[in-house]
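Chain residues, written in single-letter form:
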Protein chains: 4
Amino acid sequence: MADAHPTTRLEAFCDGVFAIALTLLIIDIRIPASEQVGTTRELWLALRHLGPSVFAFVLSFAVILITWVNHHRFFRLVNKSSGSFVYANGFLLLTVVFMPFPTALVGEYLLTDHAAPAVVIYNSVTAVQAVGWILVSGAVQRNRLAKDETSIVLVRDAHRNGYVALVVYSLLAFIALWFPLAIAIVTAMLWAYWLAFSLRTNA
Amino acid sequence: MADAHPTTRLEAFCDGVFAIALTLLIIDIRIPASEQVGTTRELWLALRHLGPSVFAFVLSFAVILITWVNHHRFFRLVNKSSGSFVYANGFLLLTVVFMPFPTALVGEYLLTDHAAPAVVIYNSVTAVQAVGWILVSGAVQRNRLAKDETSIVLVRDAHRNGYVALVVYSLLAFIALWFPLAIAIVTAMLWAYWLAFSLRTNA
Amino acid sequence: MADAHPTTRLEAFCDGVFAIALTLLIIDIRIPASEQVGTTRELWLALRHLGPSVFAFVLSFAVILITWVNHHRFFRLVNKSSGSFVYANGFLLLTVVFMPFPTALVGEYLLTDHAAPAVVIYNSVTAVQAVGWILVSGAVQRNRLAKDETSIVLVRDAHRNGYVALVVYSLLAFIALWFPLAIAIVTAMLWAYWLAFSLRTNA
Amino acid sequence: MADAHPTTRLEAFCDGVFAIALTLLIIDIRIPASEQVGTTRELWLALRHLGPSVFAFVLSFAVILITWVNHHRFFRLVNKSSGSFVYANGFLLLTVVFMPFPTALVGEYLLTDHAAPAVVIYNSVTAVQAVGWILVSGAVQRNRLAKDETSIVLVRDAHRNGYVALVVYSLLAFIALWFPLAIAIVTAMLWAYWLAFSLRTNA
């Protein structure tokens, strides 16, 4: 198996990390303690306070899912592996596993008057994730791991897009120091665009 | 592998999410702290207080397991994939991962006199899960992903059942505002029916 | 894939649950908070207080691992699947996922003078797990899922052993009401025997 | 499948444990509670306090990832399985799952004046992990599970390296009783060396 599909085990490993990262998100949503709830109205109120947590949950879930789909598609282009490819993927997974932290931060602080740190950190982590994609696609190019000619072209595109994303998200992180809300809207629109683009593509 | 079985990796990914969602349920059950327990009788009492948590655990486990079996069987009908199929599955998984929350809510509040919010939310989430099934089976129909003629018919049935479930659970959620206990019993009977039906079928 | 190996996906699903159950055990071991530790001696003391948790962790890990190995070997005998086989496995997994709870209970309370509830519950859960094995092996017999003649004999043995285990652990649970420590030693010896037996076998 | 690739299921199981161990690390990083944060400056301060946690997260992630890559490569040398091989792997996984505990300990206490217990325990656990590698490679030798002549030589090397690591880390643990900081630097350098070595190798 190892020889026929050298990337299969790495792929399964990455999928495991993505699946767990997605599912772990739920542990931040806790039901209201029954001792603090006396009436039906109080229970409704307590549930309404969970709104931001549920919002952060859905957001993190969507972001990790979109990243998984990209990862899934990228691996289609590759049929060999190398030491630096494995570790570049490890670095990318590190940023995926970390993602729920800045997302929860944004969910908690976006609508307060101290939203700046949350949005700055969110876009910084996304910029670091872009570095992950640069390393992964760079390893494919350097070690010639791509499947065929078409794949080589697509990997080159992914590598260039990684640099574009790094510059864009670094800039957004910087500007968010002054205009957090505006940058949050821009970031959300970028994700929506990605999702729409990703939905149209065959997987 | 990707070309021969385009749905294999998606399937494995979904299975991972189901398996983790099932197993994570246990972290809500904590042993009584030894500082608060002085005698054997006190330990028995402390353990009895865990009753509702254990009940919610078994309930959530059963519901996610039945959903997994359905998902498992549905994937037998499909042998191609598409962007919207992948994202429709992602949406379905979102509802699966979320399920332990309303189940724990029902386990905690069903026998109090403010059970209505718990049962309303439980049936609402189930209605949203029905939307997930509508999207998944709709994507199979739209993008012609079914394996053969028999599968096409079964997917059409699943699509129609999704709409039926959406209407039924929305109605149940609405009525539960006034009669939470009665609706809880109806919901439990629907699951028992599903389980019995599912047990008879070959998998 | 589904047709060639109808049990592959169920097997992978079960493995996922076992792997997560094993790994989740670590979240009960927390490092001492640095605010409460002023000197090196205090840190050593705080770490010594973690002894019972670490002991329960190793114990749960060993028990789930041995159960996984048994499950792994049992699946070698089976090459077909059925509705009741899937749900019987689901029931068995429920007991596996639950196992860390009674194990932690034993780890916490065994050396106090109110150990009885812990040992009673531990052996009761093991008895329920025996029911899981009875259901799983029973489904294989009823639906004729065994691979060949040798497998049929081994499944019959497993079915009978399930009943023996059910009777033995129920008795142990009952006797533990009066003699918890003695029963704990008997239970540990049974596991040690299982491990020794399991180590000798080829997997 | 079992006969053609007797180690496939064990490999997938181990991968699952590694993937979960990696991903679970994130649950130790919690966002600051919004009730305790009144201004943007306070949020930045609260986030800076998370520094050691994030550092321990990255460290644990790197260590488990490197161990996974070693495990991944080791399994390439093996194409048969045995009872003692399975349990030796189980023991190795136990140490992998436990690793985040001493790593978090080091992250929390390294820069205090009571760092000794943290560094001693860290190197002790690494020494126990070396025992895991000795058991795994020993089982391969004893039960003749290696794939071919080259693999036999590489497994013999791994076995000898296990003993070297056991001696080295035991010594480091002992010396750390008096010079924790110096030993922490030596340990970090050993990991960096491993990573550099591992990156150069084809996987």
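Located above this text is the structure these notes cover.
Sequence order as written defines residue numbering, which begins from 1 separately in each chain. Chain letters and ligand numbers both follow the written order, the letters beginning at A and the numbers at 1. In view of the model being predicted, local features appear only for residues whose pLDDT reaches at least 70, and side-chain atom pairs are presented and counted only at 80 or more, with totals across whole chains, interfaces and linings using the full set of residues. Think of the side-chain values as coming from all heavy atoms in the structure, minus any hydrogens and water.

Colleague: If you had to explain a nonpolar patch on the surface to someone new, which residues and values would you point to?
Modeller: Patch membership needs two things, relative accessible area over 30% and no salt bridge, and members are linked within 9 Å if like-charged or within 5 Å if nonpolar (Val, Leu, Ile, Met, Phe, Trp, Tyr). In short, Shrake-Rupley with a 1.4 Å probe defines the accessible areas, and a residue's cover is counted only from the protein chains shown. Salt bridge, as used here, is a side-chain nitrogen of Lys or Arg placed within 4 Å of a carboxyl oxygen of Asp or Glu. On the surface, Trp44 of chain A together with Val167, Leu171, Phe174, Ile175, Leu177, Trp178 and Phe179 of chain B cluster together to form a nonpolar patch covering roughly 830 Å² of accessible area. Element by element, the count of residues in the nonpolar patch is highest for helix H7 (residues 149-175) of chain B, at four residues. By the criteria applied, helices consist of DSSP H or I runs no shorter than four residues and strands consist of E runs no shorter than two, each listed in order from the N terminus. You can see Val167 of chain B is positioned in helix H7.

Colleague: So, empty space enclosed by the protein: which residues are in play, and what are the values?
Modeller: In this analysis, the protein atoms alone were mapped onto a 1 Å grid. Cavities are point sets where a 1.4 Å probe fits without being able to get out; pockets are open sets with protein on both sides within 12 Å along at least five of seven lines; lining residues have an atom within 4 Å of a point. Grid points are joined across faces, edges and corners, and a volume is the space filled by probe spheres set on the points. By the definition in use, this model includes one cavity of 30 Å³ or more. In this structure, the largest cavity encloses a volume near 30 Å³. Around the largest cavity sit Ile20 and Leu24 of chain A, Ile20 and Leu24 of chain B, Ile20 and Leu24 of chain C together with Ile20 and Leu24 of chain D, which together line it. Looking at the lining of the largest cavity, the elements that each hand over two or more residues are helix H1 (8-24) of chain A, helix H1 (8-24) of chain B, helix H1 (8-24) of chain C together with helix H1 (8-24) of chain D. Under this grouping Gly is polar, as are all residues other than the nonpolar Ala, Val, Leu, Ile, Met, Phe, Trp, Tyr, Cys and Pro and the charged Asp, Glu, Lys and Arg. For the lining of the largest cavity, the class distribution of residues is eight nonpolar, no polar and no charged.

Colleague: Run through the interface of chain D and chain C, naming residues and quoting values.
Modeller: Note on definitions: a residue-residue contact is assigned when non-hydrogen atoms from the two residues lie within 4.5 Å. Listed as interface residues are 36 residues of chain D and, on the opposing side, 44 residues of chain C. Of all residues in chain D, Arg9, Phe13 and Tyr87 of chain D give up the largest surface area on contact with chain C, accounting jointly for 25% of the area buried on that side. There are two salt bridges connecting chain D and chain C. Ionic pairing is found between Glu11 of chain C and Arg9 of chain D, a salt bridge with its closest N-O pair at 3.5 Å. Here the element with the most residues in the side of chain D that touches chain C is helix H4 (residues 83-98) of chain D; it accounts for nine residues. Considered class by class, the residues forming the side of chain D that touches chain C number 25 nonpolar, seven polar and four charged. Accessible area, probed at 1.4 Å, shrinks when two parts are joined; the buried area is that loss added up over both.

Colleague: Which residues make up the packing of aromatic side chains, and what values do they have?
Modeller: Each pair of aromatic rings is reported with the distance of its centres and the angle of its planes. Between the rings of Phe, Tyr and Trp (Trp by its six-membered ring), a pair exists once the centres lie within 6.5 Å; its type follows the angle of the planes, with under 30 degrees stacked, over 60 edge-to-face, and the other angles tilted. Here the structure, examined in full by the defined rule, presents 28 aromatic pairs over all chains. Ring geometry for Phe57 of chain C and Phe98 of chain D: centres 5.7 Å apart, planes at 40°, overall tilted. Taken together, the residues Phe57 of chain C in helix H3 (residues 51-75) and Phe98 of chain D in helix H4 connect one chain to another. Partly exposed describes any residue whose relative accessible area lies between the buried limit of under 20% and the exposed limit of over 50%, with all areas from a 1.4 Å probe on protein chains only and scaled to the type maximum. Since its relative accessible area comes to 3%, Phe57 of chain C is described here as buried. Aromatic side chains Phe75 of chain D and Phe85 of chain D sit 5.5 Å apart centroid to centroid with 40° between the ring planes, which places their arrangement in the tilted category. Of this pair, Phe75 of chain D sits in helix H3 (residues 51-75) while Phe85 of chain D sits in helix H4, placing them 10 residues apart in sequence. Here Phe75 of chain D matches Phe85 of chain D in class, with each residue buried. Three or more aromatic residues joined by ring pairs form one cluster here, namely Phe57 and Phe61 of chain A together with Phe98 and Phe101 of chain B.

Colleague: With reference to specific residues and values, describe the pattern of salt bridges.
Modeller: Residues and elements named next belong to chain D. In total, this model carries 12 salt bridges over all chains according to the counting rule given. Put simply, Arg160 and Asp157 hold a salt bridge, and the shortest N to O gap is 3.8 Å. Taken together, the positions of Arg160 and Asp157, both in helix H7 (residues 149-175) and three residues apart, correspond to about one turn of that helix. Taking the relative accessible area as the measure of exposure, Asp157 reaches 28% and is therefore partly exposed.

Colleague: Just give me the short version of unusual backbone geometry, but keep the residues and values in it.
Modeller: At Arg144 of chain A, a position not held by glycine, the phi torsion is positive, near 50°. By the secondary structure assignment, Arg144 of chain A is in the loop between helix H6 (116-142) and helix H7 (149-175).

Colleague: Which residues make up the interface of chain A and chain D, and what values do they have?
Modeller: Facing 37 residues of chain A, the contacting portion of chain D comprises 45 residues. Of the roughly 3500 Å² buried at the junction of chain A and chain D (both faces included), carbon and sulfur atoms supply 76%. At the boundary of chain A and chain D, one finds two salt bridges. For this analysis, a polar contact is any N or O atom pair within 3.5 Å, provided that within protein one partner can donate a hydrogen and the other can accept it, and provided that sequence-adjacent residues contribute only side-chain to side-chain pairs. The interface formed by chain A and chain D includes seven residue pairs in polar contact (both at pLDDT 80 or more). When residues of the side of chain A that touches chain D are assigned to their parent elements, the largest contribution, nine residues, is made by helix H4 (residues 83-98) of chain A.

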